[in-house]
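Chains, contacts and geometry: an overview
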Amino acid sequence: IDGYIKTLHTSYSSDCVLQPAGTEELQLLATAFNQQFNLNQQQLQDNKLLIEDIVQISKKLADGDLRVTVQAEYKGAFTQIKDALETAISGLNGTVWQTKEVAEQVTQLINQIRSIGQSLASSTEQQSAAMEEVTSSLEESDAQIKSNAENASITNQLVNNTTDLAKAGKDKMKNMISAMNTI
């Protein structure tokens, strides 16, 4: 037995088998040793797979790939690592999705503001032509001014809404950065 133990310490071999050759106690000891050795080898292989999975997930997250999933089978205390990884991936995906949604809303608001601005520019050109021609009555001028005031009010509301959305987007980005730093 001493020779087997020295062999294990000096040159690691994954196929070390203790051959029972003697009394019944030695045979039982050799069998127990072989079983423990095989169990240790399996556990070492399982742990190696877990480490490879964690490294693969970490590399993909570092590269910005949020489609990564846990592949290895985590057992025992290692399930906490699996749960933490899955929670982190899910949280990052949620943050990115919310950021994308806010960006789309801001884009829509910008397009609405642009459209209203074009409408206001068009209205202003019409007013200028009407004043040059002096063919419109005071009532028409009054109605046009009221329309412009309403458009300006709508524009003001949209600008305020855009500002609020931008602030909310900024807050969400801060939360996302904080969450990413926490991870």
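Residues numbered from 1 in each chain as written. Predicted model: local features only at pLDDT ≥ 70, side-chain atom pairs only at ≥ 80, totals over all residues. Heavy atoms only, no water.

**A few points about the overall build of the protein**
- Counting its secondary structure elements, the protein contains four helices and zero strands.
- Within the protein, the fraction of its 183 residues that count as buried is 17%.
- Long-range contacts, defined here as pairs at least 24 residues apart, represent 53% of the contacts in the protein between residues at least 6 apart.
- When the accessible surface of the protein is totalled, it reaches about 13,500 Å², and 55% of it is carbon and sulfur. (Helix = DSSP H or I, 4+ residues; strand = E, 2+ residues; numbered from the N terminus. Buried < 20%, exposed > 50% of the residue type's maximum accessible area, 1.4 Å probe, protein only. Contact = heavy atoms within 4.5 Å. Areas by Shrake-Rupley, 256 points an atom, 1.4 Å probe, with all protein chains shown as cover.)

**A word on the confidence of the model for the protein**
- Confidence in the prediction for the protein averages 79 pLDDT; 78% of positions are at 70 or higher.
- Across the protein, the element-wise mean pLDDT spans from 59 in helix α1 (residues 2–10) up to 86 in helix α2 (residues 24–62). (pLDDT = per-residue confidence, 0-100.)

**Comments concerning the pattern of salt bridges**
- Taken as a whole, this structure holds one salt bridge when the rule is applied.
- Between Arg-67 and Asp-65 there is a salt bridge, and its shortest N-O distance comes to 3.3 Å. (Salt bridge = Lys/Arg side-chain N within 4 Å of Asp/Glu carboxyl O.)

**Notes on the environment of Glu-73**
- If you trace the backbone, Glu-73 turns up in the loop between α2 and α3 (79–133).
- Note on Glu-73: relative accessible area 63%, which makes it exposed.
- Here the alpha-carbon distance between Glu-73 and Asp-46, two residues 27 residues apart in the chain, equals 8.5 Å.

**Some remarks on the packing of aromatic side chains**
- Scanning all chains against the criterion turns up one aromatic pair.
- Considering the side-chain rings of Phe-33 and Phe-37, the 6.2 Å spacing of their centres and the 20° angle between planes classify their relative orientation as stacked. Here the residue Phe-33 and the residue Phe-37 both occupy positions in helix α2, the gap between them amounting to four residues, near one helical turn.
- Phe-33 gets classed as partly exposed once you look at its relative accessible area, which sits at 23%.
- With relative accessibility at 9%, the residue Phe-37 sits in the buried group. (Phe/Tyr/Trp six-rings, centres within 6.5 Å; stacked < 30°, edge-to-face > 60°.)

**Focus: the nonpolar core**
- Within the largest apolar cluster, eight residues are counted, these being Leu-50, Ile-57, Val-68, Val-70, Ala-72, Tyr-74, Leu-85 and Ile-89.
- Of all the secondary structure elements, the ones that give two or more residues to this core are α2 and α3. (Core = buried A, V, L, I, M, F, W, Y, C linked by side-chain atoms within 4.5 Å.)

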